[in-house]
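# Close look at the chain arrangement
Letter by letter, the chains look like this.
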There are 4 protein chains.
Amino acid sequence: MSANTFGTIFQLTSFGESHGAAIGGVIDGCPAGLLIDLDLIRNDLARRKPGQSFISSERREDEEFEILSGYKDNKTLGSPLAFIIRNKDSQSSDYDSLKKAYRPSHADFTYQEKYGIRDYRGGGRSSARETAVRVFAGSVAKQLLSGIQIKIFAFVSQIGAISSGLAYEDIDINRIESNVVRCPDERIAREMISLLEKLKAAGDTTGGVITCVIQNVPVGLGEPVYSKLQADLASACMGINAAHGFEYGSGFAGAAMKGSEHNDPFISDAEGKIRTTSNNSGGIQGGISNGMDIYFRVAFKPVSTIKMEQSTIDSSGNTVSINPGGRHDPCVVPRAVPIVEAMAALVIADHYLRNKTSKI
Amino acid sequence: MSANTFGTIFQLTSFGESHGAAIGGVIDGCPAGLLIDLDLIRNDLARRKPGQSFISSERREDEEFEILSGYKDNKTLGSPLAFIIRNKDSQSSDYDSLKKAYRPSHADFTYQEKYGIRDYRGGGRSSARETAVRVFAGSVAKQLLSGIQIKIFAFVSQIGAISSGLAYEDIDINRIESNVVRCPDERIAREMISLLEKLKAAGDTTGGVITCVIQNVPVGLGEPVYSKLQADLASACMGINAAHGFEYGSGFAGAAMKGSEHNDPFISDAEGKIRTTSNNSGGIQGGISNGMDIYFRVAFKPVSTIKMEQSTIDSSGNTVSINPGGRHDPCVVPRAVPIVEAMAALVIADHYLRNKTSKI
Amino acid sequence: MSANTFGTIFQLTSFGESHGAAIGGVIDGCPAGLLIDLDLIRNDLARRKPGQSFISSERREDEEFEILSGYKDNKTLGSPLAFIIRNKDSQSSDYDSLKKAYRPSHADFTYQEKYGIRDYRGGGRSSARETAVRVFAGSVAKQLLSGIQIKIFAFVSQIGAISSGLAYEDIDINRIESNVVRCPDERIAREMISLLEKLKAAGDTTGGVITCVIQNVPVGLGEPVYSKLQADLASACMGINAAHGFEYGSGFAGAAMKGSEHNDPFISDAEGKIRTTSNNSGGIQGGISNGMDIYFRVAFKPVSTIKMEQSTIDSSGNTVSINPGGRHDPCVVPRAVPIVEAMAALVIADHYLRNKTSKI
Amino acid sequence: MSANTFGTIFQLTSFGESHGAAIGGVIDGCPAGLLIDLDLIRNDLARRKPGQSFISSERREDEEFEILSGYKDNKTLGSPLAFIIRNKDSQSSDYDSLKKAYRPSHADFTYQEKYGIRDYRGGGRSSARETAVRVFAGSVAKQLLSGIQIKIFAFVSQIGAISSGLAYEDIDINRIESNVVRCPDERIAREMISLLEKLKAAGDTTGGVITCVIQNVPVGLGEPVYSKLQADLASACMGINAAHGFEYGSGFAGAAMKGSEHNDPFISDAEGKIRTTSNNSGGIQGGISNGMDIYFRVAFKPVSTIKMEQSTIDSSGNTVSINPGGRHDPCVVPRAVPIVEAMAALVIADHYLRNKTSKI
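The following paragraphs examine the structure supplied in this document. (Residues numbered from 1 in each chain as written. Chains lettered and ligands numbered in written order. Predicted model: local features only at pLDDT ≥ 70, side-chain atom pairs only at ≥ 80, totals over all residues. Heavy atoms only, no water.)

As a further point, take the overall build of chain A. Scanning chain A for helices and strands turns up eight helices and 18 strands. Computed over the C-alpha atoms, the radius of gyration of chain A is 21 Å, within 12% of the 21 Å expected from 2.2 N^0.38 for a compact globule of 360 residues. Each principal axis of the C-alpha atoms in chain A carries an extent, and together these give about 65 × 50 × 35 Å. For chain A, buried positions account for 69% of its 360 residues. Here the analysis covers contacts within chain A between residues at least 6 apart in sequence; of these, 70% occur between residues at least 24 apart. (Helix = DSSP H or I, 4+ residues; strand = E, 2+ residues; numbered from the N terminus. Rg over C-alpha atoms; globule rule 2.2 N^0.38 Å. Buried < 20%, exposed > 50% of the residue type's maximum accessible area, 1.4 Å probe, protein only. Contact = heavy atoms within 4.5 Å.)

This part is about the relation of the copies chain C and chain B. Between the two copies of the chain lies a rotation about an axis combined with a shift along it. Overlaying chain C on chain B yields an RMSD of 0.0 Å, the required transformation being a rotation through 180° with an accompanying axial translation of 0.0 Å. Within this description, the copies of the chain are treated as partners about a two-fold rotation axis. Both copies present the same face, since 100% of the interface residues in chain C are matched by interface residues at the equivalent positions in chain B. (Least-squares fit on C-alpha atoms with pLDDT ≥ 70 in both.)

Residues and elements named next belong to chain A. A positive phi is found at Arg-182, a non-glycine position, where the angle reads about 60°. The residue Arg-182 is located in the loop between β9 (162-163) and α4 (186-202) in this model. Phi is positive for Ala-242, which is not a glycine, with a value near 80°.

Bringing the interface of chain C and chain D into the picture now. Contact with chain C, which involves 104 residues of that partner, is made by 104 residues of chain D. Across the chain C/chain D interface, buried area totals approximately 7,900 Å², and carbon plus sulfur atoms make up 61% of it. Taken as a group, Lys114(C), Tyr226(C) and Phe252(C) account for 12% of the area that chain C buries against chain D, more than any other trio of residues on that side. At the junction of chain C and chain D, the tally comes to two salt bridges. Residue Lys114(C) is joined to Glu223(D) by a salt bridge in which the shortest nitrogen-to-oxygen separation is 3.6 Å. The interface formed by chain C and chain D holds 41 residue pairs in polar contact (both at pLDDT 80 or more) in total. Partitioned by chemical class, the residues of the side of chain C that touches chain D number 41 nonpolar, 46 polar and 17 charged. Bridging between strand β11 (residues 243-248) of chain C and strand β11 (residues 243-248) of chain D involves three bridges; their strand directions are antiparallel. Looking at the pairing, Glu247(C) lines up with Gly245(D) of β11(D). (Buried area = accessible area lost by both parts, 1.4 Å probe. Salt bridge = Lys/Arg side-chain N within 4 Å of Asp/Glu carboxyl O. Polar contact = N/O pair within 3.5 Å; in protein donor to acceptor, adjacent residues only side chain to side chain. Nonpolar A, V, L, I, M, F, W, Y, C, P; charged D, E, K, R; others polar. Pairing = 2+ DSSP bridges.)

Taken as a whole and assessed by the stated rule, the structure comprises 38 aromatic pairs over all chains. Site record: aromatic cluster; members linked through ring pairs are Phe65(A), Phe83(A) and Phe136(A). (Phe/Tyr/Trp six-rings, centres within 6.5 Å; stacked < 30°, edge-to-face > 60°.)

Glancing now at the interface of chain C and chain B. Taken together, the contact pairs 40 residues of chain C with 40 residues of chain B. At the junction of chain C with chain B, the criterion picks out two salt bridges. Between Arg86(C) and Glu66(B) there is a salt bridge, with the nearest N and O atoms lying 2.8 Å from each other. The interface formed by chain C and chain B includes eight residue pairs in polar contact (both at pLDDT 80 or more). Only β2 (11-15), β3 (22-28), β4 (65-67), β6 (75-76) and β7 (81-86) of chain C provide two or more residues apiece to the side of chain C that touches chain B. A total of four residues in the side of chain C that touches chain B trace back to one element, the largest contributor, which is β2(C).

So, on to the sheet that holds strand β16 (residues 294-300) of chain A. Within the open sheet, the 10 strands sit side by side as β9(A)-β8(A)-β10(A)-β16(A)-β11(A)-β11(B)-β16(B)-β10(B)-β8(B)-β9(B). Their pairing is antiparallel. Each end of this open sheet is capped by a strand with a single partner; those strands are β9 of chain A together with β9 (162-163) of chain B. By the bridge criterion, five bridges tie strand β11 (residues 243-248) of chain A to β16(A) in an arrangement that is antiparallel. Bridge pairing in β16(A) places Ala243(A) opposite Phe300(A). Each of β8 (151-159) and β9 of chain A is contacted by α4(A), which is oriented at about 55° to β8(A), the strand it contacts most. (Axes fitted to C-alpha atoms, helices over the stretch in contact; angles between N-to-C directions.)

Superposition of chain C onto chain D requires a rotation of 180° combined with a translation of 0.0 Å along the rotation axis, giving an RMSD of 0.0 Å. With an isologous cut-off of 70% or more, the 99% of interface residues of chain C that recur at the interface of chain D puts this contact in the isologous class.

The next subject is the packing of helix α3 (residues 131-146) of chain D against helix α8 (residues 333-354) of chain D. Residues and elements named next belong to chain D. Across the interface, α3 lies against α8 with an axial gap of 7 Å and an inter-helix angle of 50°. As far as their axial angle goes, α8 and α3 are oblique. Handedness of the α3/α8 crossing: left-handed. Taken together, the residues of α8 that come into contact with α3 (itself represented by Thr-131, Arg-134, Val-135, Ala-137, Gly-138, Ala-141, Lys-142, Leu-144 and Leu-145) are Pro-338, Ile-339, Glu-341, Ala-342, Met-343, Ala-345, Leu-346, Ile-348, Ala-349, Tyr-352 and Leu-353. (Parallel < 35°, antiparallel > 145°, perpendicular 65-115°, else oblique. Left-handed = near helix turned anticlockwise from the far one by under 90°.)

Written as structure tokens, this is what we have:
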């Protein structure tokens, strides 16, 4: 049923509540013999973790993980690779006042109705803390993919109404990590930071957009009907907390184009490799990778936790006023960059393995 | 692996090439005892079928189906409901000239590379003809859902650059079928038709956007992490041929809002029912339906088949010039309306059944 | 949920009631480019079909199939291969008297309770007619496997209390098809036939045991924990109508042996290939094929339809007397031989494809 | 792909090697709000754990578990329930001499070939240590089932050639735990113990048979074709380490019966409940529970680790002599009793939840 499992061959099963003993995951289906560099995982976790800068939650988690199985002498064993990250700095008492109140635009109400019970501490299972599990697994998937030269990177292209007009081909990917908002367009980055400073001071929040690029994907990944590569990428990204939109290639703008403008002409390049001269298809045709860059954008809504007085309802149906004291981000988008990369890596790794049996 | 199967409990397995003997599907997991009105299925198929008007392909298929199993005395039996629709008006000879050429922005190249073989006639498995299978199954799902008062409707909100500014709450859904473009904003509809007439005369095509609304969804449908309702809707819609973007609730525009504007306050209404006063969440919070209207938008790229000379590559790597003679739509979007509804119905029906075991 | 789908990569979805319009199936996940000889499928279907001899049901079905998709120019396309077999000689009126009565040891009662509705004609979905679908798909799987030299054969080793003492290594597999009971031990076969003649005259039935052997399986097929090769073979065979027992290798007899007798010593043979000198493990160790012959036995209960007066209950709870007039086999076991082979082939084909991603 | 996941709605994902940091599992799909008594889990784990008596391995594990998620205030939360059991008394140095040798009838050779790498310590993933995970999850499933009055028990009916002739209806289930071999037939139990003492002294081992009974199952559990209840029980049990055979109801003996003897006549009992007067069907008809007792038997081969000199091959292809010093059971069957119960509970819990959507 896959409520907490992602993928078909390369599968991640995730568990854990925000303020429980631990979060963690089980990676099943990773081929045996894969060399894994734990520092690369640590680095990706550090990019997601709270407390990186003024714009992210003050919760301090070292994100130290323990691998419980499936890994020996730096290599995967072919058996399930289970890992846990203990919750250390969870301040559950922050949430005592919220035991009954349904925070606006959070999952408190829907969880209570669906399950008849909920872990109100830090949002429980609905907390974005779970995404650390995805980043760990995605980091393993990236290492599998880098063995076949596939490269994945993401960056922030919009925060609030401030948006970079640069195409991904025109950015310097080495500058993504050079500022706290992970926007490689430095001038725009400064504007974003300034906006976030104002929002933070006001106790308010905003959303943004992440652009992700996948390069050197072999031709043939993706399935023709219900597991089209774009469908699986959309599912992966829309499953990230706060994501409200997904588009790939020409995206929503493509709807306004003419076919004669939008079509990507095929040519045979100097080395005899077939490629297209434009890439409105975003590297995917008929649901299957065509060897060109895959690129897509994910929109995120503003963080729902604001430090302002809000009126709401509690589980007894009473109107109550809340002003949550928990530690949260004014904007989640910079920290979501490694999460988007991770979900992309999980999808591509899975389809890379699935494609091993496409033909005799 | 689900390459051709959609859903977890209410499952559709689809088969068929555009110009093969038949297309069809197997619905497994539909509860026994569901009364099915075949005329409602016929009506949905008629809304999707080619040859409805000047804007759609001239291919004439009566879309007559045969139910092979799982259905007796107007009711489902609980066993798999298999159905086929024979391909009658397939003019394969139209495609002889395309046996080797890779049509720009089609799946010819990717299929050939993935499988080492392909049915070039009418696009084979990559043809949108397969979507008739989804419409049939979606129509069954709608009938299951209408038994619990869930209502699903979609309409065209944009064609090319012409877009209706009306919110879905302000349209008259009874007018959706009143014009060939399925845009209930009559003035805009006339502009769209005029645009399509011009494009058709020029042999060109365009894209568009469909808005879909799901009403009366009970609270609690959707799973918290990897089968969030929005993730499954996104996967369902991005798997439709030519879809390039998906957004729900506030969507991409939400990225520019502040949390204090975006949050949907809870109130208890006159009947004591908990609802929100705004609906930027699009009826989904934490991946789970909150009882408000679910609404989303799907962007479609322009149809790739244009009646213009185009240069491309063939399977031997030679540069060739093509001008496809097949029968195609200048804009696929009006015919995609029942397909979007069908995919939404499949997702909601599946989650309705999944939710039967959420609590003791 | 897999109620009517078998396999994980090489997947068969089956549909159809005994006396509906047709039975059929969809094979998804078969690699593209597989040459399929339809005569081999016809031959396997003929081995299963009713009316072969005095011991099988008089129902006459030519078992003519139609392939609807996924196949062109004698090769698989990589898309779903759908096929149907129409029901031609179904005499539903035979079953009118059984509309309400629950036949002893049939599925009438359980279906009625589970679904609240049932197709009483010929047992509907519970009929062994569905196994023709498995034989078709199994025959495709066999052709995939024969490309890597894997050979599968089964034969009848017991009918009623008459059992052949010959080990499978001592039989001549070319004699399996030389008699109507498919027992290659000719003397025993004659005894079996004589028993069946007596049972048929008396309107009674009996059960039996089928032995199946799979040769040339590469080392490494099967998964370590919940998809052990023997578990999947057991599931496959216990899902055949009337199967009541499964054992592989030393089986139930192995329970009485000592470890020192039962262990299979490894040696390196003349060609340096590692093999074992005995094969109590039945070719599987730790759930994974070790390259030795895989062999197993499946026990079948007697056919439940007997031509004798029997007292039972009807759906209103009344005691009624029945004497079914339908056409049935005195012993199902000879016709089940190709079904057992088919299920074995489906399991091995699936694990062969699954194993493509076991290591880097 | 399910290599390490069992079930469709009530799903267990298992991880862990014998001598790694920990074993554990993730239970997904358990309804929220289930009260869980941890002492019942501890009790089942104690019945499986090594070191219970002279007949079991001397390895001492307290089997203390930690629940990491999905559980709060004694109740399930509806989110994944993850648990770990740390490996404490693993003496990996015992296995140093076996680093290269392929132990006869173990999984050393097949794992090495399948994965190109293996954790040789204690058999790694192939060790029966993993079954503690199943016992934990099965104990949770039992608690779900006991809420609807379903009762599951198993006992040892054969060890070596010593077998109890008592039918399960004639045993006193309260005596199952009264002796170390878990055979409620006391006289036979003494014979079994005496046999095991002799085998232990000789460094040899033997196998046995476990009988399992499931009572008060509602009518309607199981699916008609590929998830027949007996098929899923067979898969569950044949996936237990060392299992070589499975039969239910009349089993292999049923093959020799006549239909007129084997059929189970339906009657309406004093309360108007439909039942059968005999139960050769083992409580399952057409793959679906009919409300009668479900009973089945599982055969286990002798433990492969014997304390005797054995010749074998190592990973370099050399002939070597081994005499393993690890700690193992002379007979695994008494400790496998709670494992068989656990697997039965997982299957029935899953089908109980699956059946919630069988009809409108």
